[in-house]
Amino acid sequence: MGAITAELVRCAEERGVTLRTATPVRRVVIADGVAVGVELADGTVAPHDIVISNADPVTTCRYLIGDHPLMADYQAVLASYDPATWYAPTKIALALDRLPAFAIDEPLAQQHIGGLFICPSPAAQAAAFAAAKAGRLPNPNMIALMTPTTTDPTLAPPGKHLMCLYVRCTPLTCDGAPWDASNEHFLYEDALDQLSAYLPDLRACIRAQHLISPTTLQREYGLATGEIMHLPLETPWLFDQRPVPGYSDYTTPIAQLFLCGAGTHPGGTVTGAPGHNCAQRIIAEFA
Ligand SMILES: Cc1cc2nc3c(=O)[nH]c(=O)nc-3n(C[C@H](O)[C@H](O)[C@H](O)COP(=O)(O)OP(=O)(O)OC[C@H]3O[C@@H](n4cnc5c(N)ncnc54)[C@H](O)[C@@H]3O)c2cc1C
């Protein structure tokens, strides 16, 4: 994935764009309802004609804009993203000494190539979503499984593998509190128990593991929502409702302030589509 970013950097710099990374923005500077620049964490104010935020919509509104009369209705909609009633995936990365075999009467061949979704039944899937929305860890859960080293062996030492698990339905908070080590341990063991029915020797293959809970996404990745897609990819956060009804065209109530990240239509994953659409919107108005 880094190759995509590197190519974007190359294209931008070729066209004279100045990029500043590792430069946190403290706030968007607004004058008379118009975004006129950004203030950096070191206090420097950088004036700009247009400000485009790739931070998630909640971060942009709550922390980079703060209380502003023009944003009241917009922020009220985002405030309905209630951590007590939403869920997000938890990622578990497993370093494997070897590929585990599936519990099927076939030699281990190409079964690990591509993505697998494991859940016992559609009813179990619905129950998992409902439990996570109620703040509980579902059992069974819905687990997506990918082993990227089957297509890119350079991601691990020779002969070793990286397996990524997305435990799809995990609550943003556990019983109203942030995730802690015991919740993480419980989820990890539970996920492995569930997968062991399909991959009986999975545990024996694991050399190391790393779990990223919604709380870690909030604290370490700066995602205010704890959601890797910035906002859930389900109703009411889809199409013309994303991120807020009336603002699916990448604008905000602040003139010359746009949003371009996964919290805008059509949402997250590494597609570049929100950024492309936002750029077209800005070009149409200002070019
Ligand atoms: C653990 C994890 C695993 C994932 N796995 C996959 C996968 O396998 N496949 C897939 O397609 N997608 C995956 N995703 C989702 C994908 O990464 C996102 O949908 C995508 O990165 C969204 O891109 P974006 O540019 O909109 O936002 P982001 O990539 O979230 O970028 C937002 C940027 O804004 C910056 N920022 C925030 N606040 C400030 C500030 N105040 N000042 C300056 N900068 C700021 C952040 O540092 C960040 O660089 C995963 C996400 C995570 C977290």
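Residues numbered from 1 in each chain as written. Predicted model: local features only at pLDDT ≥ 70, side-chain atom pairs only at ≥ 80, totals over all residues. Heavy atoms only, no water.

A. The arrangement of the state of the cysteines in detail. Scanning the model with the defined rule gives zero disulfides in all. Free of any disulfide, C278 has its nearest cysteine sulfur in C260, 5.2 Å distant. For C278, a relative accessible area of 1% translates into the label buried. (Disulfide = S-S within 2.5 Å. Buried < 20%, exposed > 50% of the residue type's maximum accessible area, 1.4 Å probe, protein only.)

B. Geometry of a nonpolar patch on the surface. Among the surface-exposed residues, M1, I4, L8 and V270 lie close enough to one another that they form a single nonpolar patch of about 460 Å² accessible area. You can see L8 is positioned in helix α1 (residues 2–14). (Patch = residues over 30% accessible without salt bridge, like charges linked within 9 Å, V, L, I, M, F, W, Y side chains within 5 Å. Areas by Shrake-Rupley, 256 points an atom, 1.4 Å probe, with all protein chains shown as cover. Salt bridge = Lys/Arg side-chain N within 4 Å of Asp/Glu carboxyl O. Helix = DSSP H or I, 4+ residues; strand = E, 2+ residues; numbered from the N terminus.)

C. Spotlight on the domain arrangement of the protein chain. As assigned here, the protein chain comprises domain 1 (2–81 + 225–286) and domain 2 (85–219). At the junction of the two partners, domain 1 supplies eleven residues and domain 2 supplies nine residues. The junction of domain 1 with domain 2 conceals about 780 Å² of combined surface from both sides, 60% of it contributed by carbon and sulfur atoms. K133 is the partner of E234 in a salt bridge, and the nearest nitrogen-oxygen pair spans 3.3 Å. At the boundary of domain 1 and domain 2, one finds two residue pairs in polar contact (both at pLDDT 80 or more). (Domains from an automatic or database assignment. Contact = heavy atoms within 4.5 Å. Buried area = accessible area lost by both parts, 1.4 Å probe. Polar contact = N/O pair within 3.5 Å; in protein donor to acceptor, adjacent residues only side chain to side chain.)

D. The packing of helix α2 (residues 57–65) against helix α3 (residues 72–79), seen in detail. At a minimum axis separation of 10 Å, α2 and α3 run at an interaxial angle of 130 degrees. On the basis of their axis angle, the class for α2 and α3 is oblique. The two elements α2 and α3 cross, and the hand of that crossing is left-handed. Contacts between α2 and α3 involve P57, V58, C61 and R62 from the first element and Y74, Q75 and L78 from the second. Along the lines of polarity and charge, the residues of the contact of α2 with α3 split into five nonpolar, one polar and one charged. (Axes fitted to C-alpha atoms, helices over the stretch in contact; angles between N-to-C directions. Parallel < 35°, antiparallel > 145°, perpendicular 65-115°, else oblique. Left-handed = near helix turned anticlockwise from the far one by under 90°. Nonpolar A, V, L, I, M, F, W, Y, C, P; charged D, E, K, R; others polar.)

E. Highlighting the side chain of T252. Mapped onto the fold, T252 is located in the loop between α7 (214–219) and β10 (257–259). A polar side-chain atom of T252 sits 2.9 Å from the main-chain carbonyl oxygen of L257. When neighbours within four sequence positions are excluded, T252 is seen to be in contact with Y74, Y247, L257 and L259.

F. Summary view of the site of the ligand. Taken together, 18 residues lie around the ligand, and V25, Y166, H230, A262 and T269 are the ones closest in. In the model, an oxygen atom of the ligand is placed 2.8 Å from a nitrogen or oxygen of the H230 side chain. Protein coverage of the free-state accessible area of the ligand, which is 1,000 Å², stands at 62%. Taken together, the residues of the shell around the ligand sort by class into eleven nonpolar, six polar and one charged. Residues from two domains meet in the shell around the ligand; each of domain 1 (2–81 + 225–286) and domain 2 (85–219) gives at least three. (Near = heavy atom within 4 Å.)

G. Geometry of the packing of aromatic side chains. Using the criterion set out here, one finds seven aromatic pairs in the structure. Note on Y74 and Y247: the rings are 5.2 Å apart at their centroids and 70 degrees apart in plane angle, and the pair reads as edge-to-face. With a gap of 173 residues between them, Y74 in helix α3 and Y247 in the loop between α7 and β10 connect regions that are remote in the sequence. For Y74, a relative accessible area of 2% gives the class buried. Ring geometry for Y81 against W237: centres 6.0 Å apart, planes inclined by 70 degrees, an arrangement best described as edge-to-face. Here Y81 is found in the loop between α3 and β5 (87–96), whereas its partner W237 is found in the loop between α7 and β10, with 156 residues between them in sequence. (Phe/Tyr/Trp six-rings, centres within 6.5 Å; stacked < 30°, edge-to-face > 60°.)

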